[in-house]
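A structural walkthrough
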Amino acid sequence: QVQLVESGGGLVQAGGSLRLSCAASGSTFSSYAMGWFRQAPGKGRELVADINWSGGRTYYADSVKGRFTISRDNDKNAVYLQMNSLKPEDTAVYYCAGGRTIRAPRDYWGQGTQVTVSS
């Protein structure tokens, strides 16, 4: 069993940066791929970035390539999302989630953290 808690969301102006963190409990964290998803009002949940168990493979949605960076620290049971050059369309609730492999369905979800980008 893995429990996930996100933090780091908030209100930022367009062009600004935020760093999201996801703290995980459970001894199996390092065996999971970890990803960041987001859901904007009235829209479905989308995968933003994903990272495999070792950190050696990553995936980014086209909409965030070159602006967002996902990373993980297995010693700290944590995964991060550095978000730069934020745009109003990045406004959403951001969730971290764990799955068996990169881009696979998720087994575990956090409760989400709100990111709001003002124009």
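Structural data are supplied above this passage.
Notes on the structure in this doc start here. (Residues numbered from 1 in each chain as written. Predicted model: local features only at pLDDT ≥ 70, side-chain atom pairs only at ≥ 80, totals over all residues. Heavy atoms only, no water.)

1. Quick notes on the sheet that holds strand β3 (residues 18–25)
- An order of β1-β3-β8-β7 is seen for the four strands of this open sheet, with the pairing classed as antiparallel. Each edge of the open sheet is held by one strand with a lone partner, namely β1 (3–7) and β7 (68–73). Strand-to-strand twist in this sheet, taken as the mean axis angle between neighbours without regard to direction, amounts to 15°.
- Bridge count between β3 and strand β8 (residues 78–83): six bridges; the pairing is antiparallel. Residue pairing across strands places Ser21 opposite Tyr80, the latter belonging to β8. (Pairing = 2+ DSSP bridges. Helix = DSSP H or I, 4+ residues; strand = E, 2+ residues; numbered from the N terminus. Axes fitted to C-alpha atoms, helices over the stretch in contact; angles between N-to-C directions.)

2. A short note on the pattern of salt bridges
- In this structure the tally under the stated criterion is six salt bridges.
- With a shortest N-O distance of 2.9 Å, Asp90 and Arg38 are connected by a salt bridge. On the criterion of sequence distance, the pair formed by Asp90 in the loop between β8 and β9 (92–99) and Arg38 in strand β4 (residues 33–39) is long-range, its members being 52 residues apart. Summarising the burial analysis for this pair, Asp90 and Arg38 share the class buried.
- Linking Arg67 and Asp90 is a salt bridge whose minimum nitrogen-to-oxygen distance equals 2.7 Å. In this pair, Arg67 sits in the loop between β6 (58–60) and β7 while Asp90 sits in the loop between β8 and β9, placing the two residues 23 residues apart along the sequence. (Salt bridge = Lys/Arg side-chain N within 4 Å of Asp/Glu carboxyl O. Buried < 20%, exposed > 50% of the residue type's maximum accessible area, 1.4 Å probe, protein only.)

3. Points about the state of the cysteines
- Summed over the entire model, instances satisfying the criterion amount to one disulfide.
- Here Cys22 engages in a disulfide with Cys96; their sulfurs sit 2.0 Å apart. Because the sign of the S-S torsion sets the handedness, a value of about 45° for the bond joining Cys22 and Cys96 places this disulfide among the right-handed ones. Of the two residues, Cys22 sits in strand β3 while Cys96 sits in strand β9, which places them 74 residues apart along the sequence. Accessibility assignment for this pair places Cys22 and Cys96 in one class, buried. (Disulfide = S-S within 2.5 Å.)

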